[in-house]
Amino acid sequence: MSKVKVAAFGISLDGFGAGSNQSLEAPLGIRGPELMNWFFPTQFFQQMHGDGDTRGTTGIDNDFALRSFENVGAWILGRNMFGPIRGSWGDESWKGWWGENPPYHMPVFVLTHNAREPLEMAGGTTFYFITEGIEVALEKARASAMGKDVRIGGGVQTIRQYLQKNLIDEMHLAHSPVYLGQGENLLTGMDLPKMGFKIAEQKQGEGALHVILRKN
C-alpha cells in the first residue's frame with residue numbers, strides 16, 4: 001500500500017533537523033551538514049553524486065540510504081529545499097542545488113507561494129511548483145506516484161506541517177551524534193505517540209542511530 005514517508009532525515013541529539021541561517025553558501029544552514037555526515041561517505045551517495053563512483057562505505061548506513069529511495073514514486077519539498085531564493089522567482093534562472101541532473105529522477109512537487117511553470121531537468125526529474133498548499137501537493141504527488149510511496153523530503157517546517165495534519169505514515173530519522181544548539185527543531189511540540197507512531201525498528205549504523213517510526 002502506498003505510504004507518505006520521511007526517510008534518511010538527519011536529526012541532531014538535541015532535535016534539530018537543520019542549522020540556522022540557510023544561504024547559498026550553507027544550504028543546510030550553519031553546521032547543518034554535520035547531520036548528514038553518516039550519509040555522505042556511503043557508496044549510495046558516492047554513486048548518486050559521483051558519476052557512478054563505486055567507492056564509499058557499504059555498511060549499515062549505506063543500507064538505510066538505499067532503503068530511503070525504495071518504492072518512491074514522487075517527492076514533496078519545501079521551497080527552502082529547492083533553493084535560497086525568497087519571494088518572486090525573478091528570471092527563473094535558479095534550477096535547484098543539484099545542477100542539470102538532480103538525483104530524484106521522478107516528479108518533485110515544490111511548495112511555494114509564488115507560481116512558476118514546471119521545470120523539466122535531465123534524468124527524468126520534473127519540478128512542479130504548488131501554490132495551493134500541502135494537501136493539494138500531496139494529492140498531486142500521489143497521482144504521479146502511481147501507487148508508489150510519496151517521500152516528504154523536507155525541510156523541517158514542511159515535515160512539521162504534514163505531521164500537524166496527521167498525513168505522514170512513516171518516518172526514518174537518522175540521529176547523528178552531534179549537538180547543534182540552534183537551528184530548526186523538528187519535533188518540538190509534537191506528541192508522536194499520541195499521533196500513533198511507534199518505534200518499528202532501530203539500528204546503530206556507523207555514523208547514526210537509525211530509527212523507523214510507523215503509525216499503529
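Coordinates for the structure precede this section.
Treat the numbers as computed from the prediction; the structure is a model and nothing was measured.

Draft legend 1. Summary view of helix α2 (residues 60-67). Buried within α2 are the following residues: D61, N62, F64 and A65. Angular distribution of buried residues about the axis of α2 spans 160°; they occupy a single face of the element. Where the residues of α2 are buried, they touch α1 (43-49), β8 (170-175), β10 (197-204) and β11 (209-215).

Draft legend 2. Broad picture of the environment of E117. Positionally, E117 belongs in the loop between β4 (107-111) and β5 (119-120). In this structure, the C-alpha to C-alpha distance between E117 and F44, residues 73 residues apart in sequence, is 31 Å.

Draft legend 3. Broad picture of the pattern of salt bridges. Here the structure, examined in full by the defined rule, presents six salt bridges. In this structure, the salt-bridge partner of E34 is R31, at a minimum N-O distance of 2.8 Å. We classify E34 as partly exposed; its relative accessible area is 28%. Among the salt bridges present, the one from R214 reaches E170, with a minimum N-O distance of 2.8 Å. Within this pair, whereas R214 is found in strand β11, its partner E170 is found in strand β8, the two being separated by 44 residues in sequence.

Draft legend 4. Main features of the sheet that holds strand β3 (residues 72-77). Ordered by their spatial adjacency, nine strands build an open sheet running β5-β6-β4-β3-β7-β1-β8-β11-β10, and the pairing between neighbours is mixed. Two strands bound the open sheet, and with one partner strand each, they are β5 and β10. Bridging between β8 and β11 involves six bridges; their strand directions are antiparallel. For M171, the partnering residue across the bridge sits in β11 and is L213. Lying over the sheet, α2 contacts β1 (4-11), β8, β10 and β11, oriented at roughly 35° with respect to β11.

Draft legend 5. Structural view of the packing of aromatic side chains. Counted under the stated rule, the structure contains 17 aromatic pairs. On the numbers, 5.3 Å between centres and 65° between planes, the contact of W89 with F129 is edge-to-face. Of this pair, W89 sits in the loop between α3 (79-82) and β4 while F129 sits in strand β6 (residues 126-130); the two residues are 40 residues apart in sequence, bridging distant segments of the chain. Exposure remark for F129: the relative accessible area of 9% places this residue in the buried category. Measuring from ring centre to ring centre gives 6.2 Å for Y104 and F127, while their planes differ by 80°; the resulting arrangement is edge-to-face. Remark: F127 occurs in strand β6 and Y104 occurs in the loop between α3 and β4; sequence separation between them is 23 residues. When its relative accessible area of 0% is taken as the criterion, F127 is described as buried.

Draft legend 6. Examining the pairing of strand β7 (residues 149-154) more closely. Burial analysis of β7 places six of its six residues in the buried class, which makes it a mostly covered element. Of the pairings in the sheet, the one linking β1 to β7 comprises two bridges and is parallel in character. Paired with K5 across the strands is R151, a residue of β7. Direction of pairing for β3 relative to β7: parallel, over a ladder of five bridges. Within the sheet, the bridge partner assigned to V72 lies in β7 and is D149.

Draft legend 7. Highlighting the side chain of R116. By secondary structure assignment, the location of R116 is in the loop between β4 and β5. You can call R116 buried: its relative accessible area is 8%. In terms of polar contacts, R116 uses its side chain to reach the backbone carbonyl oxygen of E92, at 3.0 Å. A polar contact is formed between the side chain of R116 and the backbone oxygen of W94, at a distance of 2.8 Å. Filtering out sequence-adjacent residues up to four positions away, R116 remains in contact with F82, W89, E92, W94, K95 and F129.

Conventions and cut-offs
- Residues numbered from 1 in each chain as written.
- Predicted model: local features only at pLDDT ≥ 70, side-chain atom pairs only at ≥ 80, totals over all residues.
- Heavy atoms only, no water.
- Buried < 20%, exposed > 50% of the residue type's maximum accessible area, 1.4 Å probe, protein only.
- Helix = DSSP H or I, 4+ residues; strand = E, 2+ residues; numbered from the N terminus.
- Arc of directions from axis to C-beta.
- Contact = heavy atoms within 4.5 Å.
- Salt bridge = Lys/Arg side-chain N within 4 Å of Asp/Glu carboxyl O.
- Pairing = 2+ DSSP bridges.
- Axes fitted to C-alpha atoms, helices over the stretch in contact; angles between N-to-C directions.
- Phe/Tyr/Trp six-rings, centres within 6.5 Å; stacked < 30°, edge-to-face > 60°.
- Polar contact = N/O pair within 3.5 Å; in protein donor to acceptor, adjacent residues only side chain to side chain.

Read these as geometric descriptors, not functional statements.
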